[in-house]
Amino acid sequence: MKFTFGSSKKGNVGEALRNITEPAALLFSVASEEMLERAAIEIEKVFPGVPSVGGVGQAYMGKQFFDTGITVIAMKENIRVAADVRAVRRLWRHYG
C-alpha cells in the first residue's frame, strides 16, 4: 500500500488534491464543520466513486495552526476498500 499526502492551508480542495492520482480510498480532515460538506462534494467530483471518509479536526501543518486548512491522505496499490454508509448512520444515531 502506498500513501500520498496533500494539504492546503487555505482550505482549497483542488490544491490539496493536486498531487494525488488514482486513489483507492481517501481520508480527509477539514478545520471546521462548515467546510466538511463542501470538501466532500468537491472530492467526489474529482474522484467519483472513490470511497472517502472525512472529519473535522484542527489543522496543523508544520508547526502552525490553520483554522481554514484541509489535509488529505490517499491510499493506493494493494488495498481493498469496503464502505457502508448505513453503518455510519447507525453510529451517528447512537453516538451523535
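Please refer to the structure higher up on the page.
Residues numbered from 1 in each chain as written. Predicted model: local features only at pLDDT ≥ 70, side-chain atom pairs only at ≥ 80, totals over all residues. Heavy atoms only, no water.

Asker: I'm lost on the overall build of the protein in this one. Help?
Answerer: Secondary structure summary: the protein contains three helices and six strands in total. Ordered by position in the sequence, the α and β elements of the protein form the string β-α-β-α-β-β-β-β-α. By the burial criterion, 29% of the 96 residues in the protein qualify as buried. If you take every contact in the protein between residues at least 6 apart in sequence, the share linking residues at least 24 apart comes to 80%. Split by element, the accessible area of the protein, about 6,900 Å² in all, is 53% carbon and sulfur. (Helix = DSSP H or I, 4+ residues; strand = E, 2+ residues; numbered from the N terminus. Buried < 20%, exposed > 50% of the residue type's maximum accessible area, 1.4 Å probe, protein only. Contact = heavy atoms within 4.5 Å. Areas by Shrake-Rupley, 256 points an atom, 1.4 Å probe, with all protein chains shown as cover.)

Asker: What am I meant to see in the sheet that holds strand E1 (residues 2-8) here?
Answerer: Either a parallel or an antiparallel arrangement is found when strands of a sheet pair, and the pairing is made through backbone hydrogen bonds. With mixed pairing, four strands are arranged side by side in an open sheet as E1-E6-E2-E3. Edge positions in the sheet fall to E1 and strand E3 (52-56), since each of these pairs with one other strand and no more. Across the sheet, the axes of successive neighbouring strands diverge by a mean angle of 15 degrees, strand direction being ignored. Pairing of strand E2 (residues 25-30) with E3 involves five bridges; the strand directions are parallel. If you follow Val30 over to E3, its bridge partner there is Val56. (Pairing = 2+ DSSP bridges. Axes fitted to C-alpha atoms, helices over the stretch in contact; angles between N-to-C directions.)

Asker: Which parts of the structure should I look at to understand the pattern of salt bridges?
Answerer: Side chains that differ in charge, positive against negative, can pair when their charged atoms come close. Throughout the structure, instances matching the rule amount to two salt bridges. For Glu77, the salt bridge is made with Lys2, and the minimal N-O distance between the two is 3.8 Å. Taken together, the positions of Glu77 in the loop between strand E6 (70-76) and helix H3 (85-95) and Lys2 in strand E1 put the pair 75 residues apart, joining distant regions of the chain. On the basis of relative accessibility, which here comes to 42%, the residue Glu77 falls in the partly exposed class. Between Glu42 and Arg38 there is a salt bridge; the shortest N-O distance is 3.0 Å. Of this pair, Glu42 and Arg38 both sit in helix H2 (residues 33-46), four residues apart, which is roughly one turn of that helix. (Salt bridge = Lys/Arg side-chain N within 4 Å of Asp/Glu carboxyl O.)

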